[in-house]
Amino acid sequence: MTSPPNDHPVLEMRHISKRFDATQALENVSLTLYPGEVHALIGENGAGKSTLIKIMTGVHRPDAGAILLDGQATHINNSQEAQTFGIAAIYQEPMIFPDLNVAENIFISHRSRGMVVNWGRMYKDAEAILAQLDVRLDVRMPARGLTLAAQQAVEIGKAISLQVRVLIMDEPTASLSAHEVDQLFRLVNTLRNQGVAILFIGHRMEEVFRIADRITVLRDGKLISSRPKAEVKRDQVIREMVGRDAGDFFAKTRRRAAICLCRCAGSARKAPSPT
Ligand SMILES: Nc1ncnc2c1ncn2[C@@H]1O[C@H](COP(=O)(O)OP(=O)(O)O)[C@@H](O)[C@H]1O
Ligand SMILES: [Mg+2]
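Described below are features of the structure shown in this document. As the structure is a prediction and not an experimental result, all values here were calculated from the model. (Residues numbered from 1 in each chain as written. Chains lettered and ligands numbered in written order. Predicted model: local features only at pLDDT ≥ 70, side-chain atom pairs only at ≥ 80, totals over all residues.)

### Let's talk about the sheet that holds strand E3 (residues 38-42)
The pairing of strands in a sheet comes from backbone hydrogen bonds and takes either a parallel or an antiparallel form.
Right, so step 1: What the 6 strands build is an open sheet, ordered E6-E7-E8-E3-E9-E10; its pairing is mixed. Looking along the sheet, the strands with just one partner apiece sit at the ends: strand E6 (87-91) and strand E10 (222-228). Between one strand axis and the next, the sheet turns by 15° as a mean value, whatever way the strands run.
Right, so step 2: When E3 meets strand E9 (residues 214-219), the two strands line up parallel, connected through 4 bridges. Each bridged residue has a counterpart across the sheet, and for Ile-42 the counterpart in E9 is Val-217.
Right, so step 3: Across the sheet, helix H1 (residues 49-56) is in contact with E3, E6, strand E7 (166-170), strand E8 (197-201) and E9; its angle to E7 comes to roughly 150°. (Pairing = 2+ DSSP bridges. Helix = DSSP H or I, 4+ residues; strand = E, 2+ residues; numbered from the N terminus. Axes fitted to C-alpha atoms, helices over the stretch in contact; angles between N-to-C directions. Contact = placed C-beta atoms within 7 Å.)

Okay, here's the thing in structure tokens:
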């Protein structure tokens, strides 16, 4: 739930700006992630959500602003570095190697760091990680047979194996059934209780309000609001996402909210790679 005031943020993005040619993707955006808190980041397509998380994971460098990890100014130069800081991201399309088994997928990053594999230990450790998540999977099973939800569980297991402290989830529910969303949210709650800071990017208001402790709205690359969920209403959040024009405010809001919902529904199956 909402962090007690004496809890220190794990990751702070301060006054971040990023431009791509003519597009100001982010302008002076700040965001603070606390351990044990689910923070929802929302905004229409093009609002700047993915750019912000790509800066957190070392894919892009900010033009201006600072990143603080445990209160210390930090540069994140690439995704490997982000991983060593305990920052991991999962996307709507899990990055799973279908020919490797569950345990190998969970420990894949350890192998790429040149660690020698002790098979017996790897299977035991993979089982322990999945048990910690209350997920029942055969760790020797090839990943190709897994459902999308199980693949996401493996991705989360992978993050845990890397001692994740900040888990970014970019529209993880986009291709999931309602039952699979329930399963994913159970995992999210488990991670929250273990003190992981979770940044959840979502577009379905019902899901955002179900899972989030705090909601931050971006629009056109700008920070519009960031508040505990208890202090916001859905209508207000939707208004903030779509913006307002003085004259035809209500008509426009309804029309744009409807467009957003159609887009979201339309994108549910044909999930593009995160942009
Ligand atoms: N690599 C890039 N090159 C050029 N423009 C980009 C790039 N990445 C994002 N943008 C632009 O930056 C803006 C924000 O995009 P993005 O962060 O992907 O938004 P969101 O994830 O909220 O949909 C958009 O106008 C997008 O077209
Ligand atoms: Mg995006």
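### Side note on the nonpolar core
Right, so step 1: In this structure, Val-166, Leu-167, Ile-198 and Leu-199 are the most contacted members of the largest nonpolar core, which totals 73 residues.
Right, so step 2: The dominant element in this core, judged by the number of residues it contributes, is helix H6 (residues 148-161), at 7 residues.
Right, so step 3: Once residues within four sequence positions are removed from consideration, Ile-198 is found in contact with Val-38, His-39, Leu-167, Met-169, Val-188, Leu-191 and Arg-192. (Core = buried A, V, L, I, M, F, W, Y, C linked by C-beta atoms within 7 Å. Buried ≥ 20, exposed ≤ 12 C-beta atoms within 10 Å, placed from the backbone.)

### Quick look at the sheet that holds strand E1 (residues 11-20)
Right, so step 1: Read across the open sheet, the 4 strands follow the order E2-E1-E4-E5; overall the sheet is antiparallel. Since the sheet does not close on itself, it has two edges, and those belong to strand E2 (23-33) and strand E5 (72-73), each with one partner.
Right, so step 2: Both E1 and strand E4 (residues 64-69) contribute to a ladder of 5 bridges, which runs antiparallel. Opposite Arg-14, over in E4, you have Ala-66 as the bridge partner.
Right, so step 3: Contacting E1 and E2, H1 crosses the sheet at an angle of about 120° to E1.

### Comments concerning the environment of Asp-220
Right, so step 1: Note that Asp-220 resides in the loop between E9 and E10.
Right, so step 2: Asp-220 sits 23 residues away from Gly-243 along the chain, and the two C-alpha atoms are 9.5 Å apart.

### Some words on the site of ligand 1
Right, so step 1: Taken together, 12 residues lie near ligand 1, and Phe-20, Ala-25, Lys-49, Ser-50 and Thr-51 sit nearest.
Right, so step 2: Listed by contribution, the elements that provide at least two residues to the shell around ligand 1 are E2 and H1.
Right, so step 3: Examining the composition of the shell around ligand 1, we find that 3 residues originate from one element, H1, more than from any other.
Right, so step 4: Within the shell around ligand 1, the residues separate by chemical class into 3 nonpolar, 8 polar and 1 charged. (Near = placed C-beta within 6 Å. Nonpolar A, V, L, I, M, F, W, Y, C, P; charged D, E, K, R; others polar.)

### Focus: the packing of helix H5 (residues 119-132) against H6
Right, so step 1: It is the contact of H5 with H6, at a shortest axis distance of 10 Å, that shows an interaxial angle of 110°. With respect to H6, the element H5 is oriented roughly perpendicular. Listed contacts from H6 to Ala-126, Ile-129, Leu-130 and Gln-132 of H5 are Gly-157, Ile-160 and Ser-161.
Right, so step 2: For the contact of H5 with H6, the per-class residue count stands at 4 nonpolar, 3 polar and no charged. (Parallel < 35°, antiparallel > 145°, perpendicular 65-115°, else oblique.)

### Some points on the environment of Gln-83
Right, so step 1: Mapped onto the elements, Gln-83 comes out in helix H2 (residues 79-84).
Right, so step 2: Accessibility expressed as a C-beta count within 10 Å gives 20 for Gln-83, which makes it buried.
Right, so step 3: Along the chain, Gln-83 and Arg-165 lie 82 residues apart, while their C-alpha atoms are 9.6 Å from each other.
Right, so step 4: Ignoring any residue separated from it by four or fewer positions in sequence, one finds Gln-83 in contact with Ala-88, Ser-109 and Leu-162.

### Some details on the pairing of E9
Right, so step 1: With 5 of 6 residues buried, E9 is to be regarded as a mostly interior element.
Right, so step 2: Where E9 meets E10, 6 bridges bridge the pair, whose relative direction is antiparallel. Residue pairing across strands places Ile-215 opposite Arg-227, the latter belonging to E10.
Right, so step 3: In textbook terms, the turn of a hairpin is the stretch between consecutive antiparallel strands, and for E9 and E10 this stretch comprises 2 residues, one of which, Asp-220, has a positive phi near 50°.

### Notes on the pairing of E8
Right, so step 1: In terms of residue burial, E8 counts as a mostly covered element, since 5 of its 5 residues are buried.
Right, so step 2: Of the two faces of E8, the one holding Ala-197, Leu-199 and Ile-201 and the one holding Ile-198 and Phe-200 are both buried throughout.
Right, so step 3: Pairing between E3 and E8: 4 bridges, direction parallel. Of the residues in E8, the one forming a bridge with Leu-41 is Ile-201.
Right, so step 4: Taken together, the 5 bridges between E7 and E8 define a ladder with parallel strand orientation.

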